[in-house]
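These are the residues of each chain, in order.
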Amino acid sequence: MSKRVRLVLCSLLITTFAWGQKSVDDTFRNEPFRGRSFALFFPANYQPQKPTAVVVAFHPLSSDARSAQKWRNKLKTFAESNQAVLICPGSGGNAKTDDPQDLSFTAQLTRKVLNKYQINPSCIFSLGISWGTRSAMKFSLANRNYVDGVILISNNLTGTEIHQNNRHLCQNLPIFMIHGQNDFLYRRLYPIQEKFKFA
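Everything numeric here is computed off the predicted structure, so don't read it as measured data.

## Some details on the side chain of E80
Consideration 1: Structurally, E80 is set in helix α2 (residues 67–81).
Consideration 2: Within polar-contact distance, the side chain of E80 engages the backbone nitrogen of A44 at 3.0 Å.
Consideration 3: Apart from residues lying up to four places away in sequence, E80 is in contact with Q21, F41, P43 and A44.

So this is what it looks like as structure tokens:
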């Protein structure tokens, strides 16, 4: 085998290893969010600069320091089957991800991840489960200029996330709500459905 062939094969192997299915656990390095954790996932066929779906996924209420990583791990199959990059922000000290500083952190994190990993998003969706649905909805409306849709699992919105000043931002925003039959639909689903009808 010639030296050139060996070098080409080596390069292909390195590329496959680097951008095969990959998880990243890290902490933010810039103030004022230094030390905040986050978790990423790249599907097996991910290639830098190739158009790729991106999902910013918010975990449920949890003070577990590894909640972002655990949530990412639960969503791996979903992300791989949809060929989507996952961005999972960790919570602040109060275990929530929907406070203004949390949403600011997630916006900065999303921008940095897109730049660092040369991600060319074909679409960006936010996703949340339970308390994380509040984060997903607020994040989507605050970043409507680049968020293309929102997925709410076991919705826990209070209705205050949508108000007179941002209601217009819901127009033409795809919103998917997923519930189980034990999710108190009369409280968690139907009132919010009515709210969206008049957005």
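## Focus on the sheet that holds strand β6 (residues 149–153)
In a beta sheet, neighbouring strands pair by backbone hydrogen bonds and run either parallel or antiparallel.
Consideration 1: Read across the open sheet, the seven strands follow the order β1-β2-β4-β3-β5-β6-β7; overall the sheet is mixed. Each edge of the open sheet carries a strand with a single partner, namely β1 (22–27) and β7 (175–178). Each strand axis lies, on average, 20° off the axis of its neighbour in the sheet, ignoring direction.
Consideration 2: Examined bridge by bridge, strand β2 (residues 37–42) and strand β4 (residues 84–89) share four bridges and lie antiparallel to one another. Looking at β4, one finds that F41 is bridged to L86.
Consideration 3: Contacts from helix α4 (residues 132–142) reach β3 (51–58), β5 (120–129), β6 and β7, with the element oriented near 145° to β5.

## Description of unusual backbone geometry
Consideration 1: Of note, the bond from E31 into P32 is cis; its omega dihedral lies within 30 degrees of zero at 5°.
Consideration 2: Position of P32 among the secondary structure elements: in the loop between β1 and β2.
Consideration 3: Residues other than glycine seldom take positive phi values, yet Q118 does so here, at roughly 50°.
Consideration 4: Given the relative accessible area of 41%, Q118 is considered partly exposed.

## Observations concerning the pairing of β3
Consideration 1: Taken across its eight residues, β3 has seven buried, putting it largely inside the fold.
Consideration 2: Two strands pair when backbone bridges link them, and β3 and β5 are joined in this way by eight bridges, in the parallel orientation. Considered in β5, the bridge of P51 is made with N120.
Consideration 3: With four bridges connecting them, β3 and β4 associate as parallel partners. Bridge assignment links V56 to a residue of β4, and that residue is I87.

## Notes on the environment of N30
Consideration 1: Examined against the element boundaries, N30 turns out to sit in the loop between β1 and β2.
Consideration 2: N30 gets classed as partly exposed once you look at its relative accessible area, which sits at 34%.

## Considerations on the side chain of S91
Consideration 1: Tracing the backbone through its elements, the reader meets S91 in the loop between β4 and α3 (100–116).
Consideration 2: Those residues in contact with S91, other than ones at most four positions away along the chain, are R36, H59, S62, S67, K96 and T97.

## Focus: the pattern of salt bridges
Consideration 1: One pass over the full model with this rule turns up five salt bridges.
Consideration 2: With a shortest N-O distance of 3.0 Å, D26 and R29 are connected by a salt bridge.
Consideration 3: By relative accessible area, which is 18% here, D26 ends up buried.
Consideration 4: Taking the relative accessible area as the measure of exposure, R29 reaches 52% and is therefore exposed.
Consideration 5: Measuring nitrogen to oxygen at the nearest pair gives 3.1 Å for the salt bridge that ties K138 to D98. You can see K138 sitting in helix α4 and its partner D98 sitting in the loop between β4 and α3, a full 40 residues away along the chain.

## Some words on the nonpolar core
Consideration 1: Residues L40, F42, Y117, I119 and M137 are the most contacted members of the largest nonpolar core, which totals 31 residues.
Consideration 2: Every element with two or more residues in this core is listed here: β2, β3, β4, α3, α4 and β6.
Consideration 3: Among the elements that take part in this core, α3 stands out by supplying six residues, more than any other.
Consideration 4: Among the nonpolar cores identified, the runner-up in size contains 15 residues, and A39, W71, A79 and F125 belong to it.

Criteria and thresholds
Residues numbered from 1 in each chain as written. Predicted model: local features only at pLDDT ≥ 70, side-chain atom pairs only at ≥ 80, totals over all residues. Heavy atoms only, no water. Helix = DSSP H or I, 4+ residues; strand = E, 2+ residues; numbered from the N terminus. Polar contact = N/O pair within 3.5 Å; in protein donor to acceptor, adjacent residues only side chain to side chain. Contact = heavy atoms within 4.5 Å. Pairing = 2+ DSSP bridges. Axes fitted to C-alpha atoms, helices over the stretch in contact; angles between N-to-C directions. Buried < 20%, exposed > 50% of the residue type's maximum accessible area, 1.4 Å probe, protein only. Salt bridge = Lys/Arg side-chain N within 4 Å of Asp/Glu carboxyl O. Core = buried A, V, L, I, M, F, W, Y, C linked by side-chain atoms within 4.5 Å.

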